[in-house]
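Chains, contacts and geometry: an overview
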Amino acid sequence: MTLKARAQEKVERAGISNYSFDRDVLVMCGVRYAIEACECGEPDCDGVRLRKAAAFPPILQ
């Protein structure tokens, strides 16, 4: 399973429906999150970590 698919599963399990993906960046309620692999080793870890991404360049239209 890809990180993107794991992130989508994580968001849906949390009951969040206002999300989308911009390439490999998760966008929830207008906030962008980088999707990273998590290797913390905790028994309940789903293997994905979301990091709030503050430094994404604006997209020119």
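Scroll up a little and you will see the structure.
Residues numbered from 1 in each chain as written. Predicted model: local features only at pLDDT ≥ 70, side-chain atom pairs only at ≥ 80, totals over all residues. Heavy atoms only, no water.

**Overview of the overall build of the chain**
We count it as follows: Labels follow the DSSP assignment, with helices taken as runs of H or I lasting at least four residues and strands as runs of E lasting at least two, numbered in each case from the N terminus. Remark: exposure states derive from per-residue accessible area (1.4 Å probe, protein chains only) relative to the maximum for the residue type, with buried under 20%, exposed over 50%, and partly exposed in between. Every residue pair with non-hydrogen atoms within 4.5 Å of one another is taken to be in contact. A 1.4 Å probe and the Shrake-Rupley method give the accessible areas. Residues count as covered only by the protein chains that appear here.
For the chain, the count of helices and strands is one helix and four strands. Mapped from its N terminus to its C terminus, the chain presents α and β elements in the order α-β-β-β-β. Put simply, the chain has 61 residues, and 23% of those count as buried. By sequence separation, contacts in the chain at least 24 residues apart represent 28% of the contacts at least 6 residues apart. Here the chain has roughly 4600 Å² of accessible surface; of this, 51% comes from carbon and sulfur atoms.

**Focus: the nonpolar core**
Rules: Residues belong to a common nonpolar core when they are buried Ala, Val, Leu, Ile, Met, Phe, Trp, Tyr or Cys residues joined through side-chain atoms within 4.5 Å.
Formed by Ala7, Val11, Tyr19, Leu26, Met28, Tyr33, Ile35 and Val48, the largest nonpolar core amounts to eight residues. Put simply, the parts of the chain that give this core at least two residues each are helix H1 (3-13), strand S2 (25-28) and strand S3 (31-37). Excluding anything up to four places from it in sequence, Ala7 contacts Ile35, Val48 and Leu50.

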